[in-house]
Amino acid sequence: GQGSAPTAQAVVSQYACQRRTTTENNNKIFTDAFEVLAESYEFNEIEGPCLAFRRAASVLKSLSWAVQCLEATRNVPCLGEHTKAVMEEILRYGRSFEVEKILSDERYRTLKLFTSVFGVGPKTADKWYRGGLRSFSDVLGDRGIRLNRMQQSGFLHYGDISRAVSKAEARALRNIIDEAVHAITPDAVLALTGGFRRGKEFGHDVDFIVTTPELGKEKNLLPSIIKRLTKQRILLYCDYQASTFDMSKLPSYRFEAMDHFAKCFLIMRLEGSQVEGGLHLAEGDSRGWRAVRVDLVAPPMDRYAFALLGWSGSRQFERDLRRFARLERNMLLDNHALYDKTKKEFLAATTERDIFAHLGLEYIEPWQRNA
Ligand code: DGT
Ligand code: MG
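Keep in mind the model is a prediction, meaning the values are calculated, not measured. (Residues numbered from 1 in each chain as written. Chains lettered and ligands numbered in written order. Predicted model: local features only at pLDDT ≥ 70, side-chain atom pairs only at ≥ 80, totals over all residues. Heavy atoms only, no water.)

**Side note on helix α3 (residues 81–93)**
Here's step 1: Relative to the 18 Å expected for 13 residues at 1.5 Å per residue, α3 spans 18 Å between its end C-alpha atoms, a close match to the ideal helical length.
Here's step 2: Where α3 is concerned, the buried positions are T83, V86, M87, E89 and I90. Projected onto a plane normal to the axis of α3, the buried residues spread over an arc of 155° and lie on a single side. In α3, the exposed residues that point more than 90 degrees away from the buried face are E81 and R92.
Here's step 3: If you follow the buried residues of α3, they end up packed against α1 (28–43), α2 (47–61) and α4 (97–103).
Here's step 4: A positive phi of about 80° marks G94, the residue just after α3. (Helix = DSSP H or I, 4+ residues; strand = E, 2+ residues; numbered from the N terminus. Expected span 1.5 Å × (residues − 1). Buried < 20%, exposed > 50% of the residue type's maximum accessible area, 1.4 Å probe, protein only. Arc of directions from axis to C-beta. Contact = heavy atoms within 4.5 Å.)

**Quick word on the side chain of R369**
Here's step 1: In this structure, R369 sits in the segment after α15 (352–358).
Here's step 2: At a separation of 3.0 Å, a polar atom in the side chain of R369 contacts the side chain of E352.
Here's step 3: Residues within four places of R369 in sequence aside, it is in contact with T21, R197, R198, L309, S312, G313, S314, F317, E352, F356, Y363 and I364. (Polar contact = N/O pair within 3.5 Å; in protein donor to acceptor, adjacent residues only side chain to side chain.)

**Thoughts on the packing of α1 against α3**
Here's step 1: Following both chains from N to C, one finds α1 and α3 inclined at 135°, their axes separated by 10 Å at the closest point. The angle between the axes of α1 and α3 places the two elements in the oblique class. By crossing handedness, the relation of α1 to α3 is classed as right-handed. Of α3, the residues touching α1 (which contributes I29, F30, A33, F34, L37 and Y41) are H82, T83, V86, M87, I90 and L91.
Here's step 2: Taken together, the residues that form the contact of α1 with α3 break down as ten nonpolar, two polar and no charged. (Axes fitted to C-alpha atoms, helices over the stretch in contact; angles between N-to-C directions. Parallel < 35°, antiparallel > 145°, perpendicular 65-115°, else oblique. Left-handed = near helix turned anticlockwise from the far one by under 90°. Nonpolar A, V, L, I, M, F, W, Y, C, P; charged D, E, K, R; others polar.)

**Concerning the coordination of the magnesium ion (ligand 2)**
Here's step 1: Surrounding the magnesium ion (ligand 2) are the protein donor atoms D205 (OD) and D207 (OD), which sit 2.1 to 2.2 Å from the metal.
Here's step 2: The buried category is assigned to D207, whose relative accessible area is 8%. (Donors = N, O, S within 2.8 Å, 3.2 Å for Na, K, Ca; no water.)

**Side note on the site of ligand 1**
Here's step 1: The environment of ligand 1 is formed by 18 residues, the closest being G195, R198, K200, H204 and D205.
Here's step 2: Within the contact set of ligand 1, a nitrogen atom lies 3.4 Å away from a backbone nitrogen or oxygen of A257.
Here's step 3: Where the shell around ligand 1 is concerned, the elements lending two or more residues are α11 (194–197), α13 (304–312) and α14 (315–329).
Here's step 4: Residues belonging to the shell around ligand 1 are distributed by class as follows: four nonpolar, seven polar and seven charged.
Here's step 5: A domain split of the shell around ligand 1 shows at least three residues from each of domain 3 (165–304) and domain 4 (309–368). (Near = heavy atom within 4 Å. Domains from an automatic or database assignment.)

**Quick look at the domain arrangement of the chain**
Here's step 1: With domains assigned, the chain is organised as domain 1 (16–102), domain 2 (106–153), domain 3 (165–304) and domain 4 (309–368).
Here's step 2: Put simply, the middle of domain 2 and the middle of domain 3, counted by C-alpha atoms, are 27 Å apart.
Here's step 3: Each partner contributes to the interface: domain 2 provides four residues, whereas domain 3 provides six residues.
Here's step 4: Of the roughly 460 Å² buried between domain 2 and domain 3, counting both surfaces, carbon and sulfur atoms make up 65%.
Here's step 5: At the junction of domain 2 and domain 3, the tally comes to zero salt bridges.
Here's step 6: For the pair domain 2 and domain 3, the number of links is one residue pair in polar contact (both at pLDDT 80 or more). (Buried area = accessible area lost by both parts, 1.4 Å probe. Salt bridge = Lys/Arg side-chain N within 4 Å of Asp/Glu carboxyl O.)

Structural data, given as structure tokens:
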């Protein structure tokens, strides 16, 4: 239920990893607006305000009450001048004129459209925009543009991939992957991560971690899974990246860099008959299958806890875990390891709880990490 602003307010931490954030968002009118502003700054490569709006959105998502006046946010951190001005507008007029201006801006709209294609990042989108392209037919009709394999698949399966994946579809994919990994290695470990592990009803893809208890054996796992899924003719696209993991390297606190574990980015064909309650398709779409984006990551077992924590998200939760480790504990955390800079040693972990304990943080359940 939607609570009201407590009178004697508890202080809210500036770190998402010290807050409990479920999927229930009582401040969506503000957080949706902040996300547009953050994305607009991202498209213009202005990092400071972009992160500031993401942090503000994240802190409002953690509140058990809806903000009804600015005075009620006295004990809420991460709300700067600009953020408060936008909130003031929304409280007064029900909408933000600054956000509406962005939403009608041609460059923002075009970059948003282009980056919605699998394999197209902000750099490519901006290059196309500067080349005068404004629509998919402009891109596909331009003979000067060479699409890579990922982008070709992105356009080919655009309708399906841009459609949300349901929990039932994620479960069906879990069963398919589960069957494949256990046929290959009976003692394999499979975990659902990403948004579905956090209890989300819908996602843009389905994320899994797969590994084996026996160190080193995980190396052949993804290639074997890919071979099997290919034979079953359910792989529509596959980009496999072998491990570049170096265990002597210190963790990188930069979140944006991808980790070094073996992984594959897939587009899988999911049959309606495999999904309880049927496929999540557009009304009137009676196809018996759909395409779904799936990510598989294969860390060595001794890094399983770090990989699981790192891939469970949310992105803002991950950013703040790393920031907290560095600024409050003089430690470096990433998807591979935790390093104590004071003691000059790596801290091992077999469970996520071990990592929270090393950091001196209360354990936060996956469904409380929707920061
Ligand atoms: P979704 O799929 O839109 O419902 O939401 P999520 O939370 O599943 O997001 P997704 O699938 O993009 O990523 C899942 C987690 O994997 C994310 O919370 C953190 C991790 N991850 C994904 N991409 C990166 C990346 O580029 N760098 C790092 N360090 N971690 C990433
Ligand atoms: Mg995901």
